[in-house]
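Reading the structure
Each chain, written out:
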Amino acid sequence: MNSSRRMDGLNDAFAKNFITFALGFLINCINGAFVYIYFKSEVFQRDPRYVLYIHLVINDMIMLTVSVALQIMTYTIPLNFAPCCIMLLILITTNKNSPLNLAGMAVERYIAVCRPLHHVQMCTVQRAYALIALIWGVSVIPALTDIIIVLATQPPSVYSRTVICYPTYLYSTSHHKAQSVVVQALLFSFVGLTLIITYLKVLCAARAVSGSNRDSARNARNTILLHGVQLLICMLSFISPLITVILITTWPRDRTKILFTTFLFTNVLPRLLSPLIYGVRDKKFSSHIRLHFFCKCCNSVEKKVNPVGPWRRSKQVLQ
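1. Things to note about helix H1 (residues 10–40)
- In this model, H1 (31 residues) spans 44 Å end to end at C-alpha, consistent with the 45 Å of a helix rising 1.5 Å per residue.
- For H1, the complete set of buried residues consists of Ala-13, Lys-16, Asn-17, Thr-20, Gly-24, Ile-27, Asn-28, Asn-31, Phe-34, Val-35, Ile-37 and Tyr-38.

So, in structure tokens, the structure goes:
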């Protein structure tokens, strides 16, 4: 997206930035509602499943905020090397966090269904936080490696000049490309195998049990299957450069439109999946959302209709 800075007219640039900002703000508001409900209700904070889920939501909010900010800065504020590297460090790290978090959530569901007697001991809130710390530690290594390679291969003059703040432009050496291929292959092989193995295990467990246990196993199987769908969508951000090159080669005159469209479908809109897939489907989360927000709306309407308040109305009735 950054390379299209001088190829768009003023109206096109304003429209693209407005659409990007509006979608990012709307998605972050939806995700923020789930984060608010999580911290408002202690019942979620005591369940490792929801700890991992809300980490995925917060991670998506951070990634979306940084990517939208970079998109807008492309047209407005020139960035130097240091602030660009910091933003790309956050963006790449959060991008790697998502599939690893999905793998952790799939393993938690597998333990809950296939080893229910050990679930309480194995899946604790403390271990969920430890897993989140491990995920961040693993994900930040490739991002730091990219910066180290630039520092080692580029002349010192690059540190003070304005750069195109986009990973494929800033990290363009052969070392970056080799590291990117290796990291992506290892990451998605590990996460993909984890999801496949846990799904098959839960599928076998769903056929072996009966009654309420079968319903629980079926829900866990569907959840893991949705993890796989979200993993495929996460992969779009890694193969988007290839898709972009193919589309631009086919329609070279629509270069900026193609760049903007691929940015929306691979970086912005997928951040809406977490609340839709997990929050809305989860009965406990959806019931708390209805209870909190709908009751709040009803109370505000009641206060407007009866401004004297319930205590004063009862006092008036007694008089």
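So much for the structure itself; the text now carries on.
2. Details of the side chain of Asp-60
- Looking at where Asp-60 falls in the secondary structure, it is placed in helix H3 (residues 48–76).
- When its relative accessible area of 1% is taken as the criterion, Asp-60 is described as buried.

3. Comments concerning the pattern of salt bridges
- For the structure on display, the rule yields 3 salt bridges.
- For the salt bridge of Arg-46 with Glu-42, the shortest nitrogen-to-oxygen distance reads 3.6 Å.
- On the accessibility criterion, Arg-46 (57% relative accessible area) is exposed.
- Between Arg-109 and Glu-108 there is a salt bridge, and its shortest N-O distance comes to 2.8 Å.
- Given a relative accessible area of 14%, Arg-109 falls into the buried group.
- The class for Glu-108 is buried, based on a relative accessible area of 4%.

4. As for the packing of aromatic side chains
- Throughout the structure, instances matching the rule amount to 4 aromatic pairs.
- Measuring from ring centre to ring centre gives 4.9 Å for Tyr-38 and Phe-39, while their planes differ by 85°; the resulting arrangement is edge-to-face.
- For Tyr-38, a relative accessible area of 2% gives the class buried.
- For the ring pair Phe-44 and Tyr-50, a centre distance of 4.9 Å and an interplane angle of 70° mean the geometry is edge-to-face. As far as burial versus exposure is concerned, Phe-44 and Tyr-50 are alike and both buried.
- Between Arg-49 and the ring centre of Tyr-50, over which it is positioned, the NZ or CZ distance is 5.6 Å.

5. Digging into the environment of Leu-88
- Relative to the helices and strands, Leu-88 is located in helix H4 (residues 81–114).
- For Leu-88 and Leu-70, which are 18 residues apart along the polypeptide, the C-alpha to C-alpha distance reads 9.0 Å.
- Non-local contacts of Leu-88, meaning those with residues more than four positions away in its chain, are made with Leu-70, Cys-165, Tyr-166, Pro-167, Leu-170 and Tyr-171.

6. Topic: H3
- Here H3 contains 29 residues, and its C-alpha end-to-end distance of 42 Å stays within 8% of the 42 Å for a straight helix at 1.5 Å per residue.
- Of the residues that open H3, the one with a side-chain oxygen 3.0 Å from the backbone nitrogen of Arg-49 is Asp-47.

7. A look at the nonpolar core
- Of all hydrophobic cores here, the largest spans 39 residues; its most connected members are Tyr-38, Tyr-53, Ile-54, Val-191 and Phe-285.
- When residues of this core are traced back to their parent elements, those giving at least two are H1, H3, H4, helix H6 (125–153), helix H8 (174–208), helix H9 (212–250) and helix H11 (273–279).
- Tallying contributions element by element places H4 first for this core, with 8 residues.

The rules we used
Residues numbered from 1 in each chain as written. Predicted model: local features only at pLDDT ≥ 70, side-chain atom pairs only at ≥ 80, totals over all residues. Heavy atoms only, no water. Helix = DSSP H or I, 4+ residues; strand = E, 2+ residues; numbered from the N terminus. Expected span 1.5 Å × (residues − 1). Buried < 20%, exposed > 50% of the residue type's maximum accessible area, 1.4 Å probe, protein only. Salt bridge = Lys/Arg side-chain N within 4 Å of Asp/Glu carboxyl O. Phe/Tyr/Trp six-rings, centres within 6.5 Å; stacked < 30°, edge-to-face > 60°. Lys NZ or Arg CZ within 6 Å of the ring centre and 35° of its normal. Contact = heavy atoms within 4.5 Å. Polar contact = N/O pair within 3.5 Å; in protein donor to acceptor, adjacent residues only side chain to side chain. Core = buried A, V, L, I, M, F, W, Y, C linked by side-chain atoms within 4.5 Å.

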